[in-house]
Amino acid sequence: MGFFLAGPPGRRDPAAELMATIGAFFAPAPTGDPRGPDTATHQHAQCAFPARYSWLKQALGIDSLRLPDQPCPLYDEWRGGIAPQAVTLAYATAFLNSPASMYGHTFLRVSRATGEGNPLLDYIINFAADVDTNNGLVYAVKGVSGGFRGLYYVLPYYLKVQEYSNMESRDLFEYELSLSREQVERMVAHTWEMRNTHFDYYFFSRNCSYQLLTLLEVADPNLHLIDGFGARVIPADTVRAVLAQPGLVRRVRSRPSLRTVMARRKSVLTRREIRVAEGWMAAGINGPAPAAADLPKNRHALVLDAAYDFARYKDGFRAEPTDDFKKRERRLLLARGRLGVPPQDVVTLPAIAAPEKGHATLRLGLMGGFSNQGGLFETLAVRGALHDYLDSGAGYAEDATLEMAHLRLRFDNDTRALRLDKIDVVNIVSAAPLDSWIHSFSWKAWIGADNARELGCERPHSDRAGWRCLYGGFTTGGGFAARTGARERALFYLLATTDVGAGPAFAGPYSYRVGAGGEAGFVGEVGARWRFEMGSRYIYYFLGDRTRALRGYVTQAFSLARGIDVRFGANIAGTYAEITAGLFGYL
């Protein structure tokens, strides 16, 4: 049977669906084996829709003698395996290497009532897109337009910990909810009802986080979690919506990733101890153990614990660990056991603060400025998501910029004209600092529309003034990054880049340009409220319009209060130069 018992009309006609549902509940039991291949046909409606059945029976006061309960062996076995007792909302921090996880991800962990006491043995309820392509462009189009099927999944929690915390190095935050046992049972029963249907998955709106909020509203109809969401639903915002409900969150816990724990263990070692830990990795399975007899046992234990985490991070989370890793692991564990020292606890906080600690995801800005070619101007900026290097870093990856749907409109006082200044459809910079234990690649990607002011189109009477200065394009590149300064609060990155653009701004019959070059950036903090960023980019164009382009910028941001920043900056593009000042609010 389908999800709507009244057929297609049931999707938009609640009265018809109600009457069809009541009729199906009173229908005789179907013949056939409910465990056979066609379970949907041989299952009674009471068993296919236990949450509907329980609610209607209570709401309409239906006598059990007139409507006897049908046996539901499949549902009873499934529900008994989950043994639902309590629910926790889990948030996984952003993972820039996966488009579906760039904003983070939420799911529900259902605590079992069977007494194991180990959360890893719990089950989770997850909503995700059923992705059927590896093509990045097709993925983007289908993700934005609802081309994927969104499905509910129920699976063991330890599988998600393995995927997120161990393999993808994502910290987890858990928000234990104060739902009653009855509410938890209703939510789990509704999940069973949803297992054979699907929703159109929209990356920005009807996504993983939105659908989980609707499940929580089924558990407790007094909750109104989705009322404030429209065209954009970002996981961090849904966490804030849950926290805003008085008394709904009982406590908050974190589960740092293996990479976070490993980095913390490494940070408490001296340089010599780090070399000893690296020596254990270099020794392999047969080489001599690094000399460390003069180390106190508790320090030697810290070294071996760090080396063990290093080994697991580097080789231990493949689908099938190699024999070499298994032997290396055994050697480290035996050496650790011979010390006779209890576990050395190292307090580890997540690498990224809890999402509710960060700024709101929608940002509005009003700026004014002066250019050497066009005079005074004002700019209105609206950013749909999410974070850049000058935003307050709490709650976000400090080594990354991730912006989407960032629109800037500019009003020129001289020409009295409003026009598009720039739009970032996607703007990502992932600067992974060099580390002897963590080998990551720094990269960037930009897609959008901009003004080619380095071509002189802001000069008075230019033949490329106004909209003719625009072009659409994309930039991509890769390289390396490093942290420096006091407490390593400054970040430097250097990238080799390629740039492609097309539009009326460029000379020639094809109105395009293709080039390659380099880009450098330097980001840092001076105290908790003062941040700065500077950088430059040079591109040599070898196809189309060959005008070489040098761009540079320096910007400072000051936090006046939570959710309110001011910024001051200067930009150059060829012979064009401007200074700006602006006020930004986070909503």
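Scroll up to find the structure.
Keep in mind that what you see is a predicted model, and the values were worked out from it rather than measured.

Procedures and definitions
Residues numbered from 1 in each chain as written. Predicted model: local features only at pLDDT ≥ 70, side-chain atom pairs only at ≥ 80, totals over all residues. Heavy atoms only, no water. Pairing = 2+ DSSP bridges. Helix = DSSP H or I, 4+ residues; strand = E, 2+ residues; numbered from the N terminus. Axes fitted to C-alpha atoms, helices over the stretch in contact; angles between N-to-C directions. Contact = heavy atoms within 4.5 Å. Expected span 1.5 Å × (residues − 1). Buried < 20%, exposed > 50% of the residue type's maximum accessible area, 1.4 Å probe, protein only. Arc of directions from axis to C-beta. Phe/Tyr/Trp six-rings, centres within 6.5 Å; stacked < 30°, edge-to-face > 60°. Lys NZ or Arg CZ within 6 Å of the ring centre and 35° of its normal. Disulfide = S-S within 2.5 Å. Salt bridge = Lys/Arg side-chain N within 4 Å of Asp/Glu carboxyl O.

Enquirer: Please clarify how the sheet that holds strand β15 (residues 512-525) should be interpreted in this entry.
Expert: The strands making up a sheet are joined through hydrogen bonds of the backbone, oriented either antiparallel or parallel. Taken in spatial order, the twelve strands of this closed barrel run β8-β9-β10-β11-β12-β13-β14-β15-β16-β17-β18-β19, and their pairing is antiparallel. Ignoring strand direction, the axes of neighbouring strands in this sheet form an average angle of 20 degrees. Where strand β13 (residues 470-484) lies against strand β14 (residues 490-502), 13 bridges are found, and the strand directions are antiparallel. Bridge pairing links A481 to Y493 in β14.

Enquirer: Looking at this structure, how should I read the pairing of strand β17 (residues 549-561)?
Expert: The side chains of a regular strand alternate, first on one face of the sheet and then on the other. The sheet contact formed by strand β16 (residues 530-544) and β17 spans ten bridges and is antiparallel. Counted as the bridge partner of R531 is A557 from β17. The antiparallel pairing of β16 with β17 creates a hairpin that spans four residues between the two strands. With ten bridges connecting them, β17 and strand β18 (residues 564-573) associate as antiparallel partners. Bridge pairing in β18 links A557 to R567.

Enquirer: I'm lost on the sheet that holds strand β6 (residues 199-201) in this one. Help?
Expert: If you walk across this open sheet you meet the seven strands as β6-β4-β3-β2-β1-β5-β7, and the pairing is antiparallel. Each of the sheet's edge strands pairs with one partner strand only, and the pair in question is β6 and β7 (249-255). Neighbour-to-neighbour, the strand axes of this sheet turn through a mean angle of 35 degrees, independent of strand direction. With respect to the sheet, helix α7 (residues 157-167) is in contact with β1 (84-92), β2 (105-112), β3 (123-130), β4 (148-156), β5 (172-177) and β7, its orientation differing from that of β4 by roughly 115 degrees. Here helix α9 (residues 208-219) sits on the sheet and contacts β2, β3, β4, β5 and β6; the angle it forms with β2, its principal contact strand, is near 35 degrees.

Enquirer: What exactly am I supposed to notice about helix α1 (residues 14-26) here?
Expert: The α-helix winds at 3.6 residues per turn, so residues separated by three or four positions along the chain end up facing the same way. For α1, which comprises 13 residues, the first-to-last C-alpha distance of 19 Å matches the rise-based estimate of 18 Å (1.5 Å per residue) to within 8%. Within α1 the residues assigned to the buried category are E17, T21, A24 and F25. Taken end-on, α1 shows its buried residues confined to a sector of 100 degrees, consistent with a single buried face. Across α1 from its buried face, at more than 90 degrees, point the exposed residues A15 and M19. Those residues of α1 that are buried are in contact with α3 (45-48) and α4 (50-59).

Enquirer: Any chance you could explain the packing of aromatic side chains here in plain terms?
Expert: How two aromatic rings sit relative to each other is given by the distance of their centres and the angle of their planes. Under the defined criterion, the tally for this structure stands at 21 aromatic pairs. Plain terms: the ring middles of F522 and F532 are 5.7 Å apart, the flat faces sit at 45 degrees to each other, and that makes the pair tilted. Taken as a pair, F522 in strand β15 and F532 in strand β16 lie far apart in primary sequence, ten residues in all. For F522, a relative accessible area of 27% gives the class partly exposed. Overall, the relative accessible area of 16% leaves F532 in the buried class. Connected via pairs of aromatic rings, a cluster forms that spans F127, Y152, F199 and Y201. The lysine or arginine in question, R52, covers the ring of F3, its NZ or CZ lying 5.0 Å from the ring centre.

Enquirer: Mind showing me how you'd approach the state of the cysteines here?
Expert: Disulfide: a covalent bond formed between the sulfur atoms of two cysteine residues. According to the stated counting rule, one finds two disulfides in the structure shown. Across the disulfide from C457 sits C469; the S-S distance is 1.8 Å. Of this pair, C457 sits in the loop between β12 (442-451) and β13 while C469 sits in the loop between β12 and β13; the two residues are twelve residues apart in sequence, bridging distant segments of the chain. By relative accessible area, C469 is classed as buried at 1%. Disulfide partners in the chain, listed by the sequence order of the bonded cysteines, are 1-2, 3-4.

Enquirer: Explain the pairing of strand β10 (residues 400-412) to me, please; I cannot follow it from the model alone.
Expert: Of the pairings in the sheet, the one linking strand β9 (residues 375-387) to β10 comprises ten bridges and is antiparallel in character. Each bridged residue has a counterpart across the sheet, and for V382 the counterpart in β10 is L407. When β10 meets strand β11 (residues 417-430), the two strands line up antiparallel, connected through twelve bridges. By the bridge assignment, D412 is partnered in β11 with A417. Here β10 folds back onto β11 in antiparallel fashion, the turn holding four residues, of which R416 has a positive phi close to 55 degrees.

Enquirer: Please clarify how the pattern of salt bridges should be interpreted in this entry.
Expert: Side chains carrying opposite charge are able to pair once their charged atoms draw close together. The full count for this structure, using the stated rule, is 48 salt bridges. Salt-bridge contacts for D391 lead to R363; the nearest nitrogen and oxygen are separated by 3.2 Å. Placement of the pair is D391 in the loop between β9 and β10 and R363 in strand β8 (residues 363-371), with a sequence separation of 28 residues. With a relative accessible area of 1%, D391 lands in the buried category.

What is shown is where atoms sit, not what they do.
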